[in-house]
Amino acid sequence: MSDTLSDRTVGGDPASGPPVSTKVRHRPSWIAFVVLGSIFCLGMGFWQLARYQEATGTVQNLGYTFMWPFLAGFLVYAYLKYVRLEADEAESALPAAGADGDEGDDDEVDGHPDAPPLRRGSRRQEIVTEIPADLLPRRPAAEARTGDEALDAYNSYLAELARQDAAAGDRHQERHTT
């Protein structure tokens, strides 16, 4: 894999000016993590294959034999994807001058003169600051409670019993002497 990213153009136009390259940062700790994780996953795959070949081996061991190397490949893929996304972020943050040397007044954010200019050809993305209202489905409106006379009468009867018990105090409670 190369340590630099190639220049990018918009709409297939030829690059106009010196290519802008962004240095890809490979962190030794992340590389060590990916390498050790992949070695561990491959070792677990071989161990599961050995378990499958034993007399007590099951089809589940065979399934794990294929799962562990897949996980090792995913670790490598995830690392490469992370490095690429990090490099894209760094590339879009770099303000680059246009071909004729001007800073590209039309590339200023919202036309504000103090805002940093965007690099020509960079992806302009809208910054989402809140969740759109139509993202989630609507909750059903609570149905209006219909008056159930029998339920209301029963609830008032229970409330009256509770009032009578409170007025009686602890007369109705049994006292245990120990």
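Student: In this structure, what is going on with helix α2 (residues 59-93)? I would like to understand it.
Tutor: For an α-helix the count is 3.6 residues per turn, leaving residues at separations of three or four pointing the same way. For α2, with 35 residues, the first-to-last C-alpha span of 51 Å sits near the 51 Å given by 1.5 Å per residue. Along α2, the positions that sit buried rather than exposed are N61, T65, W68, A72, L75, Y79, V83, A87, D88 and E91.

Student: Sorry if this is basic, but what is going on with the confidence of the model for the protein chain here?
Tutor: The predicted structure's coordinates, where accompanied by low pLDDT, should not be read in detail. When pLDDT is averaged across the protein chain, the result is 75; 62% of the residues are at 70 or more. Averaged pLDDT values for the elements of the protein chain fall to 89 in α2 and rise to 93 in helix α1 (residues 28-53). Predicted confidence is poor over residues 97-109, with pLDDT under 50, and the contacts of this stretch with residues over four places away or in other chains come to 17 contacts.

Student: How do you make sense of the packing of aromatic side chains when you look at a structure like this?
Tutor: Centre distance and the angle of the planes are the two values used to describe a pair of aromatic rings. One pass over the full model with this rule turns up four aromatic pairs. On the numbers, 6.2 Å between centres and 85° between planes, the contact of W30 with F33 is edge-to-face. Of this pair, W30 and F33 both sit in helix α1, three residues apart, roughly one helical turn. Looking at W30, the relative accessible area reads 40%, which means it is partly exposed. For the ring pair F40 and W68, a centre distance of 6.0 Å and an interplane angle of 90° mean the geometry is edge-to-face. You can see F40 sitting in helix α1 and its partner W68 sitting in helix α2, a full 28 residues away along the chain. Taken together, the aromatic side chains of W30, F33 and Y82 make up a single cluster linked through ring pairs.

Student: Any chance you could explain the pattern of salt bridges here in plain terms?
Tutor: Close approach of charged atoms lets side chains of opposite charge pair. The tally for this structure, following the rule as stated, stands at two salt bridges. As a salt-bridge pair, R27 and E86 come within 3.2 Å of each other at their nearest N and O atoms. Remark: E86 occurs in helix α2 and R27 occurs in the segment before α1; sequence separation between them is 59 residues. E86 gets classed as partly exposed once you look at its relative accessible area, which sits at 23%. Salt-bridge contacts for R163 lead to E160; the nearest nitrogen and oxygen are separated by 2.6 Å. Placement of both R163 and E160 in helix α3 (residues 149-168) is noted, with a separation of three residues, approximately one turn of the helix.

Student: Hey, could you run me through the nonpolar core in this one?
Tutor: One recurring pattern in soluble globular proteins: nonpolar side chains tend to sit buried together. In terms of nonpolar packing, the biggest core is built from five residues, these being V24, V34, Y79, V83 and A87. Sort the elements by how many residues they give to this core and α2 lands first, with three residues.

About the thresholds
Residues numbered from 1 in each chain as written. Predicted model: local features only at pLDDT ≥ 70, side-chain atom pairs only at ≥ 80, totals over all residues. Heavy atoms only, no water. Helix = DSSP H or I, 4+ residues; strand = E, 2+ residues; numbered from the N terminus. Expected span 1.5 Å × (residues − 1). Buried < 20%, exposed > 50% of the residue type's maximum accessible area, 1.4 Å probe, protein only. pLDDT = per-residue confidence, 0-100. Contact = heavy atoms within 4.5 Å. Phe/Tyr/Trp six-rings, centres within 6.5 Å; stacked < 30°, edge-to-face > 60°. Salt bridge = Lys/Arg side-chain N within 4 Å of Asp/Glu carboxyl O. Core = buried A, V, L, I, M, F, W, Y, C linked by side-chain atoms within 4.5 Å.

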